[in-house]
Each structure stands twice: as C-alpha cells, then as structure tokens.
Amino acid sequence: RGRKSGRLAQCFPVLGCGSHYEFVIEEFCLTRFRLDMQELDQSQWCSWEDTAKFYEELTNCTYLLASNMNCYWPNRMVDEFFIQVHRRYFHNCSMSGRRLRDPPNRILGPFIVVPILVTILMTALVVWRSKRSEGIV
C-alpha cells in the first residue's frame, strides 16, 4: 500500500496541472506576450529579429510556471498553447520564421554581375579564337 500511495503522490502534481496551469499561462505569459506584440506593427510579426525576444520570454514563462507548479514541461497543454499562439500571430509567416525579402545589393550584385561578365568574356574569347584560326588555315 505504501508503494501505491507514493506513486499516486508522484502523479498528483501532474494531474493537478490541468485547467489551473492553462489559466496561469494564459493570465501571466500570454497577457505579457500580447502586450509585447502590440508594440510591434503587424508587418513585423514575421520578423524573427523583432519577435525572438518576446517568443523566448513566452517560452521561459511557460517553463517557469510549469516548474513552480511541479508540472512536466513541455506537455500537451503547452503544445496546444503554442499552436494557438502561432495561429494567432504567425499564421502568415514563412516556414523559416523569417520575413521573405531580397538580400542586400552588396550580396545580390555579384550574383548578377559575375555571370553577365563571364558570358561576355566567353563570347569575346570564342569570337577572337574563331577569327584567329581563320587566318591560320
């Protein structure tokens, strides 16, 4: 009997994490995250540089509350919680989590200019070689 009550005591904190834990993470963590996200323009929501700090704080908040309440982390409620957060704030973002945009010109420029120059150079070389070999025949 002592073993069974010990097992039940070990499981009780996990069972006690249900709706109370869900309420606490929404009250403390999600409320703060909402306020942080409201500081940003919606066009910045997909920018990882702009949202990483807020997202990290949200994650840490759910972890600390779970730890203080003797709940496992991550758990099913945390997974569902983050799915809802993603549906609300990140549903229009790319899979990489970054806003898609062209690279800066200093990076994009060489990828455009080098192939053009190589094409012109190779064409000039072929024309020059063909004219030179015509005279040798």
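Residues numbered from 1 in each chain as written. Predicted model: local features only at pLDDT ≥ 70, side-chain atom pairs only at ≥ 80, totals over all residues. Heavy atoms only, no water.

### Regarding the state of the cysteines
The full count for this structure, using the stated rule, is two disulfides. With its sulfur 2.0 Å from that of its partner, Cys29 forms a disulfide with Cys61. The sign of the -80 degrees torsion about the S-S bond sets the Cys29-Cys61 disulfide as left-handed. In this pair, Cys29 is assigned in helix α2 (residues 18–38) and Cys61 in helix α3 (residues 48–68), connecting sequence segments 32 residues apart. Paired by a disulfide, Cys46 and Cys93 hold their sulfur atoms 2.0 Å apart. Negative torsions about the S-S bond denote left-handed disulfides, and the value of about -90 degrees found for Cys46 with Cys93 makes this one left-handed. In this pair, Cys46 is assigned in the loop between α2 and α3 and Cys93 in the loop between α4 (76–89) and α5 (105–136), connecting sequence segments 47 residues apart. Since its relative accessible area comes to 14%, Cys46 is described here as buried. When its relative accessible area of 17% is taken as the criterion, Cys93 is described as buried. (Disulfide = S-S within 2.5 Å. Helix = DSSP H or I, 4+ residues; strand = E, 2+ residues; numbered from the N terminus. Buried < 20%, exposed > 50% of the residue type's maximum accessible area, 1.4 Å probe, protein only.)

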